[in-house]
Amino acid sequence: MSTVLIGGDRPLRGCLACGQADDHPRHSVQVDPEHWADFHLDCHAASAPPCPECAARIAGADGATGADLLQHLLTPPKKG
């Protein structure tokens, strides 16, 4: 599977759920004192069991990934 990178100084990391390596938004989870697991936010929200933190962060993103998801995360919520 090919993906478009966001670029800049964003590190390339793999997603434990889907196995794809890219620079898209992640949730890093500490699995023990010395090891971390990285997940795409959308993959972790859809995992079993789903991550409620990731689900809340991508709410309203309408399936966006990569740069579009990053823009969603950086845009302040609309007041109203």
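Just so it is clear, the structure is predicted and the values come from calculations on it, not from any experiment. (Residues numbered from 1 in each chain as written. Predicted model: local features only at pLDDT ≥ 70, side-chain atom pairs only at ≥ 80, totals over all residues. Heavy atoms only, no water.)

Digging into the side chain of H40
Here is step 1 of the chain: By the element assignment, H40 lies in strand β4 (residues 35-40).
Here is step 2 of the chain: In contact with H40, other than residues within four places in its own chain, are C15, C18, Q20, D22, H24, P25 and R26. (Helix = DSSP H or I, 4+ residues; strand = E, 2+ residues; numbered from the N terminus. Contact = heavy atoms within 4.5 Å.)

Side note on the nonpolar core
Here is step 1 of the chain: Judged by nonpolar contacts, L41, A45, C51, C54, I58, A61, A64 and L69 together constitute the single largest core of eight residues.
Here is step 2 of the chain: Residue assignment for this core shows that the elements contributing at least two residues are α1 (41-45) and α2 (52-58).
Here is step 3 of the chain: C54 has contacts with H27, L41, H44 and A45, leaving out every residue within four places of it along the chain. (Core = buried A, V, L, I, M, F, W, Y, C linked by side-chain atoms within 4.5 Å. Buried < 20%, exposed > 50% of the residue type's maximum accessible area, 1.4 Å probe, protein only.)

Brief notes about unusual backbone geometry
Here is step 1 of the chain: Omega for the bond connecting A48 with P49 falls within 30 degrees of zero, at -5 degrees, which places this linkage in the cis form.
Here is step 2 of the chain: Positionally, P49 belongs in the loop between α1 and α2.
Here is step 3 of the chain: Although it is not a glycine, D62 sits at a positive phi angle of roughly 50 degrees.
Here is step 4 of the chain: Within the fold, D62 resides in the loop between α2 and α3 (66-74).
Here is step 5 of the chain: Judged by its relative accessible area of 77%, D62 is exposed.

Examining the pattern of salt bridges
Here is step 1 of the chain: Applying the stated rule across the entire model yields two salt bridges.
Here is step 2 of the chain: Two residues, R13 and D38, come together in a salt bridge whose shortest N-O distance is 3.7 Å. Placement of R13 in strand β1 (residues 13-14) and of D38 in strand β4 is noted, with a sequence separation of 25 residues between them.
Here is step 3 of the chain: Note on R13: relative accessible area 26%, which makes it partly exposed. (Salt bridge = Lys/Arg side-chain N within 4 Å of Asp/Glu carboxyl O.)

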